[in-house]
Amino acid sequence: MIQENNEILDVDLLNAQLVTIPNGEITLRDDRLKHIWTVQIRSFLLSKYAITQELYGQVMQTSPSTFSGSTLPVETISWRDAISFCNQLSSISDLNPCYIFNVDTDDYQFDNLANGYRLPTEAEWEYACKAGTQGIRYAELDHIAWYKNNANGTTHPVGLKVPNAFGLYDMLGNVWEWCSDIYDETVYGSYRIIRGGGWCDEERGCMATNRRRSHPKSFKIDDLGFRIAKNL
């Protein structure tokens, strides 16, 4: 247990919620660029739930979400907020942070060998989401996701829907999730990738293959959160 400003963070409990994702391969596509590419995936850890408001508050001592509830996914989070959480969680867990900030240029470097927490790459995210399936979803959408037809205009507590074959919950729906990657630097600059669909999306928005992007610091919205990854 780690005491942070009267909040107790149970690191052992947190680590018990990290799922081992096996080695594999994933083929990605960008319909805008008509580009298809294949990525080899090395085994890594991924949190079975999106980061909750309770955990975010324990680590960051703030509550940015539009909706309120300890077991709801944290949202209204920028990409920069998400990686700051990863660094802070790494620090209080006595791990080496993955992100190194340059205060002069407001930029960062990523240490891919660090043992701390990080965001998944989009290849890792899609590979983990599909969990060995080949379609755009790993099961029938109403069974696995909160989206426009069943969410009633709000987020829902994590883990209530059916998980995928890797034991991951809410990979589709509830909140979109930030990934580590830049989308297309030549066109969109520093824009980062978001995946998975959210509570206010139509069915067509909640697919394992959907790729969207936005600004890493200024974009915050009530259907966008994140989950954490960690190197093995």
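Presented here is a report on the structure given in the accompanying data block. (Residues numbered from 1 in each chain as written. Predicted model: local features only at pLDDT ≥ 70, side-chain atom pairs only at ≥ 80, totals over all residues. Heavy atoms only, no water.)

1. Examining the overall build of the chain
Part 1: Regarding its fold elements, the chain presents six helices and 14 strands.
Part 2: Here the chain has a C-alpha radius of gyration of 17 Å; the compact-globule value for 232 residues is 17 Å, and the two agree.
Part 3: Projected onto its principal axes, the C-alpha positions of the chain cover 45 × 40 × 35 Å.
Part 4: Here the chain, with 232 residues, has 50% of them falling under the buried criterion.
Part 5: Partitioning the intrachain contacts of the chain with sequence separation of at least 6 by distance along the chain shows that 64% fall at a separation of at least 24.
Part 6: Surface exposure of the chain reaches about 10800 Å², of which carbon and sulfur atoms provide 47%.
Part 7: Here the chain carries 21 positive and 30 negative side-chain charges, and the mean point of each set is 6 Å from the other. (Helix = DSSP H or I, 4+ residues; strand = E, 2+ residues; numbered from the N terminus. Rg over C-alpha atoms; globule rule 2.2 N^0.38 Å. Buried < 20%, exposed > 50% of the residue type's maximum accessible area, 1.4 Å probe, protein only. Contact = heavy atoms within 4.5 Å. Areas by Shrake-Rupley, 256 points an atom, 1.4 Å probe, with all protein chains shown as cover. Lys, Arg positive; Asp, Glu negative; His and termini not counted. Charge placed at Lys NZ, Arg CZ, Asp CG, Glu CD.)

2. Description of empty space enclosed by the protein
Part 1: Within this structure, the stated rule accounts for one cavity of 30 Å³ or more.
Part 2: Lining of the largest cavity is provided by Thr-27, Leu-28, Arg-29, Glu-126, Arg-195, Thr-209 and Arg-211.
Part 3: For the lining of the largest cavity, the element with the highest residue contribution is strand β4 (residues 24-30), accounting for three residues. (1 Å grid on protein atoms, 1.4 Å probe; cavity = no way out; pocket = protein on both sides within 12 Å on 5 of 7 lines; lining within 4 Å. Points joined across faces, edges and corners; volume = space filled by probe spheres on them.)

3. Considerations on the sheet that holds strand β6 (residues 44-47)
Part 1: In spatial order, the strands read β3-β6-β14-β9; together these four strands make up an open sheet with antiparallel pairing. Bordering the open sheet on either side are β3 (18-21) and β9 (117-118), each of which pairs with just one other strand.
Part 2: Here β6 runs beside strand β14 (residues 229-231); their pairing, made up of three bridges, is antiparallel. If you follow Phe-44 over to β14, its bridge partner there is Asn-231.
Part 3: In the packing of helix α4 (residues 122-130) onto the sheet, the strands contacted are β3, β6 and β9, and the crossing angle to β6 comes to about 70°. (Pairing = 2+ DSSP bridges. Axes fitted to C-alpha atoms, helices over the stretch in contact; angles between N-to-C directions.)

4. Focus: unusual backbone geometry
Part 1: A positive phi angle, close to 55°, is found at Thr-76, a residue other than glycine.
Part 2: By the secondary structure assignment, Thr-76 is in the loop between α2 (53-60) and α3 (79-92).
Part 3: When its relative accessible area of 16% is taken as the criterion, Thr-76 is described as buried.
Part 4: The backbone of Asn-174 sits at a positive phi, close to 70°, despite the residue not being glycine.
Part 5: Looking at where Asn-174 falls in the secondary structure, it is placed in the loop between α5 (141-144) and β10 (176-182).

5. Thoughts on the layout of surface pockets
Part 1: By volume, the largest pocket is sized at about 500 Å³.
Part 2: Lining of the largest pocket is provided by 23 residues; of these, Arg-42, Asn-112, Arg-118, Glu-124 and Asn-231 occupy positions nearest its centre.
Part 3: Where the lining of the largest pocket is concerned, the elements lending two or more residues are β5 (35-41), β8 (107-110), α4 and β10.
Part 4: Considering each element in turn, the lining of the largest pocket owes the most residues, four residues, to β5.
Part 5: Across the lining of the largest pocket, the residue classes tally to twelve nonpolar, six polar and five charged. (Nonpolar A, V, L, I, M, F, W, Y, C, P; charged D, E, K, R; others polar.)

6. Overview of the nonpolar core
Part 1: Counting 31 residues, the largest nonpolar core has Phe-85, Leu-89, Tyr-117, Leu-119, Phe-226 and Ile-228 as the members making the most contacts within it.
Part 2: Counting residues per element, this core draws most heavily on α3, at seven residues.
Part 3: With residues near it in sequence (within four places) discarded, Leu-89 still touches Leu-9, Leu-14, Val-59, Tyr-117 and Ile-228.
Part 4: By size, the runner-up hydrophobic cluster in this structure holds 28 residues, among which are Tyr-127, Cys-129, Tyr-147 and Met-171. (Core = buried A, V, L, I, M, F, W, Y, C linked by side-chain atoms within 4.5 Å.)

7. Thoughts on the sheet that holds strand β12 (residues 212-214)
Part 1: Pairing is mixed across the open sheet formed by four strands, whose spatial order is β12-β11-β10-β13. Pairing within the sheet leaves two strands with one partner each, and these edge strands are β12 and β13 (224-225).
Part 2: Sheet topology note: the strand β11 (residues 192-195)/β12 ladder contains three bridges and is antiparallel. Bridge assignment links Ile-193 to a residue of β12, and that residue is Arg-213.

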